[in-house]
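Understanding the architecture of this molecule
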Amino acid sequence: MLKEKGIKVVHVVGSSIFAKKAEEAGCDAVVAEGFEAGGHNGREETTTMVLVPAVKAAVKIPVIAAGGIATGKQMLAAMVIGAEAVQVGSRFVCSEEASSHIHFKQAIIDAHEGDTVLSLKKIVPVRLLKNAFFSAVSDAEKNGATEAELKILLGR
C-alpha cells in the first residue's frame, strides 16, 4: 500500500535472515542495526561491524548501518564495510530540536562507556541506562518475573 503511493519502505533488521525477508517482502532498503544501538535491539546481539557486511552480502537492496554510530569516523567505517548510508539516533536525542526531557538528555550526555546494558530479552531487547529503573527491571528479571509482570513494571 505504501509503495503504491510512491513511499519508500525501509525496514530495521538485526540479522541477514531478516534482511532477506525484508527484501523478499519488497522493501526498498534495510537498516542493519547492530547490538550497540540505543533503544530496541535485535535478539542476536550481533555488532554493527559484523552485521553490516553480512547483510550487504545477503541482499541486493541498499544497506543503512545503525548502532553505535555517532562520529564521522564511525560513519566512514560503516561505509567502508558496505553501508550506503548510516542512521544515527542517540546522538540526536540530546539536540535542542529533540522533544526529550532535559533530565533524559543530561543523563545521555553524562553517560560513559559501560553505563548501559541490554535488558528485557524476555519481551523485546532494549538498551537501558544503568539507573534506578534499570535496577528495578534487573531485580524483577532475576526474581523470575513473568512477561506480564515485566509489562506492568514498564507501564509505569
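Residues numbered from 1 in each chain as written. Predicted model: local features only at pLDDT ≥ 70, side-chain atom pairs only at ≥ 80, totals over all residues. Heavy atoms only, no water.

**Concerning the overall build of the chain**
Helices and strands together make up the secondary structure of the chain, namely six helices and seven strands. Secondary structure elements of the chain occur, N-terminal to C-terminal, as β-α-β-β-α-β-α-β-α-β-β-α-α. For the chain, the C-alpha atoms occupy an extent of roughly 45 × 35 × 30 Å along the three principal directions. A buried classification covers 31% of the 156 residues belonging to the chain. Excluding contacts between residues fewer than 6 apart, the proportion of contacts in the chain whose partners are at least 24 apart in sequence is 41%. Positive and negative side-chain charges of the chain, numbering 18 and 18 respectively, have mean locations separated by a distance of 3 Å. (Helix = DSSP H or I, 4+ residues; strand = E, 2+ residues; numbered from the N terminus. Buried < 20%, exposed > 50% of the residue type's maximum accessible area, 1.4 Å probe, protein only. Contact = heavy atoms within 4.5 Å. Lys, Arg positive; Asp, Glu negative; His and termini not counted. Charge placed at Lys NZ, Arg CZ, Asp CG, Glu CD.)

**Topic: the pairing of strand E2 (residues 29–33)**
Residues in a regular strand point their side chains to alternate faces of the sheet. In terms of burial, E2 is largely enclosed, as five of its five residues are buried. The side-chain alternation of E2 yields two buried faces, one formed by Ala29, Val31 and Glu33 and the other by Val30 and Ala32. Where strand E1 (residues 10–13) meets E2, four bridges bridge the pair, whose relative direction is parallel. What sits directly across from Val13, in E2, is Ala32. Taken together, E1, helix H1 (residues 16–24) and E2 form a β-α-β motif whose crossover is right-handed. Pairing of E2 with strand E4 (residues 63–66), which is carried by four bridges, proceeds in the parallel orientation. (Pairing = 2+ DSSP bridges. Right-handed = clockwise from strand over helix to strand, strands pointing away.)

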